[in-house]
Amino acid sequence: MGSLRRQTMAPWPELGDAQPNPDKYLEGAAGQQPTAPDKSKETNKNNTEASVTKIELLPTYSTATLIDEPTEVDDPWNLPTLQDSGIKWSGKMAGQFFSNSSIMSNPLLGLVIGVLVTVLVQSSSTSTSIVVSMVSSSLLTVRAAIPIIMGANIGTSITNTIVALMQVGDRSEFRRAFAGATVHDFFNWLSVLVLLPVEVATHYLEIITQLIVDSFHFKNGEDAPDLLKVITKPFTKLIVQLDKKVISQIAMNDEKAKNKSLVKIWCKTFTNKTQMNVTVPSTANCTSPSLCWTDGIQNWTMKNVTYKENIAKCQHIFVNFHLPDLAVGTILLILSLLVLCGCLIMIVKILGSVLKGQVATVIKKTINTDFPFPFAWLTGYLAILVGAGMTFIVQSSSVFTSALTPLIGIGVITIERAYPLTLGSNIGTTTTAILAALASPGNALRSSLQIALCHFFFNISGILLWYPIPFTRLPIRMAKGLGNISAKYRWFAVFYLIIFFFLIPLTVFGLSLAGWRVLVGVGVPVVFVIILVLCLRLLQSRCPRVLPKKLQNWNFLPLWMRSLKPWDAVVSKFTGCFQMRCCCCCCRVCCRACCLLCGCPKCCRCSKCCEDLEEAQEGQDVPVKAPETFDNITISREAQGEVPASDSKTECTAL
């Protein structure tokens, strides 16, 4: 009966968890154990007082749902939580970005990457050498690297275009210099517009270079010869030194490189391998059964441990600053751009001052003279060889073409002769990539040499398209047309640089990342409009009778869509505000501060410019016109025929 009563009084198993447990609601009570009966009362009292001070009531809860509360319905119009699922943009994420086949399979994206990278480094030799290294490390395929090489050819032509801006003071010199600089741009753009679709459709560059590489048994070459690096390397080591191992790890998308710095700190290290006793989880992890023992607690074995000791630091500027890589890169970028601009200005000034008088006459006759008949056609091809040889010596097409641009501006070299020299520099710059490929490891020699040869044959194909037949030399005519426009509206040269080398590549880059559907949806209408305008322009100049009367000219469009004159007025007014108005406003602020200090409203010299401007505006019925952009009074009057050239020179001399 007692056992039956105990069975009936026992709780149900499924309700056992629902029994109240007071200890669960007291913090620290659950861990307390009942005191043993042999403990003293004093000890129990002290423990009880200590435990009471730690007791804290916790919120009550139940394991059973007593009332079914209505669940909240999500509003479908609530904004979702955005999550970043893409690649984080960082300098050390280059390997992850380029290893993404879905991104690099887009040839347009590769093209604009080549343009933007070469614009930043200001040298196609450098950018192509980087691409060759990436191909040799299997980070890029040859097919994906070919559009990048084409973009590098376009980006390298920005340097000599910037040099042409240094001659903006003289309208005639600027016309010739800008045309001579942009002939390189138009050659590269036209070559890419024709050859990139052909390469995507047929892969002819990849096939030709593959056959050439397969026909020769190349062996691993030695390091590429250092021509200019013998002079520049000691100076660059004093500025910064980079860890090439970290660079290769980044290129190979190695996770270990993410926490390493590119700036090299220790130039001299000592690496030693020693045998040490180490603990292992089990005997299976021992190097050998004879070198494995246990002390009853842990398992021990003997292993070779590499110990690296830093001995001497590098001797460069950033070795003791401990700056992040982003800060070091930003500082070096700003300094390099300042040095580049300074060197370009010096090139223009030195060549302009040296090549004058009899020296300029002799050089002009020597360079622009053709071979006697019937070998006159060979002169241009000899100029191509000269351009290739000079570029091979200086290891940079940007340096050669930048030195050529001032000579075109001052009239020493004609654009027709500078054109083959520029084409030769395009061939000469490929030798740097070929030499870098020959220095690649044996397992990567074939692919790196193949991409270097793709660069070479791309330039050869462009020359065959736009040079042998005089009718096909479109870059010369297009460059002269742009030179005339830029000489009349000098601000247009800056807009040309920004649009063609920054805005268009960045726009295509963004659309390519958004997907090929977005790129096609935006690009196809734009390309269709451009082709339609070009066809109309060609028919207007050649066969205007074929077109309707309204389409025989562009007068049906608003003036701002068919002429740069309204835009010139806007730019002139905007720049004139900065030249005169803003300067005077700053002058007035300074004058007022000066007058408050000295108490004399007319004693400050800087107030005279404001007074003169106000008197001129009050005395004239016609409002003061802001000066044209990049212009001065003497050149404007000379261009309009108001002042003869001799008078203008006399006026400049008197000033």
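What you see is a predicted model; the values in this text were computed from it and never measured. (Residues numbered from 1 in each chain as written. Predicted model: local features only at pLDDT ≥ 70, side-chain atom pairs only at ≥ 80, totals over all residues. Heavy atoms only, no water.)

Chemist: Got a sec to walk through the nonpolar core? Specific residues and values, please.
Modeler: Counting 70 residues, the largest nonpolar core has M150, Y419 and I451 as the members making the most contacts within it. Apart from the residues within four sequence positions on either side, Y419 is in contact with V183, F187, W466, Y467, R473, P475 and I476. (Core = buried A, V, L, I, M, F, W, Y, C linked by side-chain atoms within 4.5 Å. Buried < 20%, exposed > 50% of the residue type's maximum accessible area, 1.4 Å probe, protein only. Contact = heavy atoms within 4.5 Å.)

Chemist: Explain the side chain of T159 residue by residue, including any values.
Modeler: Among the secondary structure elements, T159 is positioned in helix α8 (residues 158–165). Looking at T159, the relative accessible area reads 3%, which means it is buried. Here T159 is in contact with Q122, L344, S398 and S402, once residues within four sequence places are set aside. (Helix = DSSP H or I, 4+ residues; strand = E, 2+ residues; numbered from the N terminus.)

Chemist: Account for the state of the cysteines, naming residues and giving values.
Modeler: In the structure shown here, the tally under the stated rule is 2 disulfides. Here C267 is linked by a disulfide to C314, with a sulfur-sulfur distance of 1.8 Å. For the disulfide bridge between C267 and C314, the dihedral angle about the S-S bond is near 115 degrees, and by the sign convention the bridge is right-handed. Residue C267 is found in strand β1 (residues 266–280), and its partner C314 is found in the loop between β3 (299–313) and α13 (325–354); the two are separated by 47 residues along the sequence. (Disulfide = S-S within 2.5 Å.)

Chemist: So, helix α21 (residues 491–514): which residues are in play, and what are the values?
Modeler: The first and last C-alpha atoms of α21 sit 33 Å apart over 24 residues, in line with the 34 Å expected at 1.5 Å per residue. I499 marks where α21 bends most, by close to 40 degrees. Those residues of α21 lying buried are W491, A493, Y496, L497, F501, P505, F509, L511 and S512. In the stretch just after α21, G515 is the one whose phi turns positive, near 125 degrees. (Expected span 1.5 Å × (residues − 1). Bend = angle between axes of the 7 residues up to and from the residue.)

Chemist: Please give an account of the packing of aromatic side chains that cites residues and values.
Modeler: Evaluated as defined, the whole model comprises 15 aromatic pairs. Ring geometry for W189 and F500: centres 6.1 Å apart, planes at 70 degrees, overall edge-to-face. Of this pair, W189 sits in helix α9 (residues 171–202) while F500 sits in helix α21, and the two are 311 residues apart along the sequence. We classify F500 as partly exposed; its relative accessible area is 32%. Arranged with centres 6.3 Å apart and planes meeting at 55 degrees, the rings of Y489 and W491 form a pair that is tilted. Here Y489 and W491 have matching classes, each one buried. The ring of Y467 has R473 sitting right over it, with the charged end atom 4.2 Å from the ring centre. (Phe/Tyr/Trp six-rings, centres within 6.5 Å; stacked < 30°, edge-to-face > 60°. Lys NZ or Arg CZ within 6 Å of the ring centre and 35° of its normal.)

Chemist: Can you tell me about a nonpolar patch on the surface, naming the residues and giving the values?
Modeler: A grouping of F371, F375, W377, L378, Y381, L382, L385, V386, M390, F392 and I393 is seen on the molecular surface, where their side chains present a nonpolar patch of about 1,000 Å² in accessible area. Assignment of secondary structure puts F392 in helix α15 (residues 378–394). Judged by relative accessible area, which is 34%, F392 ranks as partly exposed. (Patch = residues over 30% accessible without salt bridge, like charges linked within 9 Å, V, L, I, M, F, W, Y side chains within 5 Å. Areas by Shrake-Rupley, 256 points an atom, 1.4 Å probe, with all protein chains shown as cover. Salt bridge = Lys/Arg side-chain N within 4 Å of Asp/Glu carboxyl O.)

Chemist: Talk me through the environment of S105; I want residue IDs and the actual numbers.
Modeler: Relative to the helices and strands, S105 resides in the loop between α4 (101–104) and α5 (107–121). S105 gets classed as exposed once you look at its relative accessible area, which sits at 55%. Residues S105 and R143, 38 residues apart in the sequence, show an inter-C-alpha distance of 8.5 Å.

Chemist: So what's going on with the packing of α15 against helix α16 (residues 397–409)? Residues and values would help.
Modeler: Axis separation between α15 and α16 bottoms out at 8 Å; the angle between their running directions is 120 degrees. Between α15 and α16, the crossing angle belongs to the class labelled oblique. Handedness of the α15/α16 crossing: right-handed. Across the interface between the two elements, G387, M390, T391 and V394 of α15 pack against S397, V399 and F400 of α16. Classifying every residue of the contact of α15 with α16 by side-chain character gives 4 nonpolar, 3 polar and no charged. (Axes fitted to C-alpha atoms, helices over the stretch in contact; angles between N-to-C directions. Parallel < 35°, antiparallel > 145°, perpendicular 65-115°, else oblique. Left-handed = near helix turned anticlockwise from the far one by under 90°. Nonpolar A, V, L, I, M, F, W, Y, C, P; charged D, E, K, R; others polar.)

Chemist: Describe in detail the side chain of N459, supporting the description with residues and values.
Modeler: Relative to the helices and strands, N459 is located in helix α19 (residues 445–466). Here N459 is in contact with N153, F187, N426, I427 and T430, once residues within four sequence places are set aside.

Chemist: Could you give me a rundown of the UniProt feature "transmembrane region" (unreviewed entry) in the protein, with the residues and numbers involved?
Modeler: Annotation from UniProt places "transmembrane region" (unreviewed entry) at residues 108–132, 144–165, 326–352, 373–394, 449–469, 489–512 and 518–539. Here residues 108–132 is 92% helix and 0% strand, with 19 Å between the C-alpha atoms at its ends. Counting secondary structure, residues 449–469 comes out at 86% helix and 0% strand; the distance between its end C-alpha atoms is 31 Å. (UniProt positions renumbered as here; feature names shortened; annotations may be inferred.)

Chemist: An account of the pairing of β3 is requested, with residue identities and associated values reported.
Modeler: In terms of strand pairing, β1 meets β3 through 14 bridges, oriented antiparallel. Paired with T279 across the strands is W300, a residue of β3. What sits between the antiparallel neighbours strand β2 (residues 292–294) and β3 is a turn of 4 residues, in which G296 has the positive phi angle 95 degrees. (Pairing = 2+ DSSP bridges.)

Chemist: Could you give me a rundown of the environment of K264, with the residues and numbers involved?
Modeler: One can find K264 in the loop between α12 (244–251) and β1. Separated by 22 residues in sequence, K264 and L242 place their C-alpha atoms 4.9 Å apart. Contact partners of K264, with chain neighbours within four places excluded, come to Q241, L242, D243, C314 and H316.

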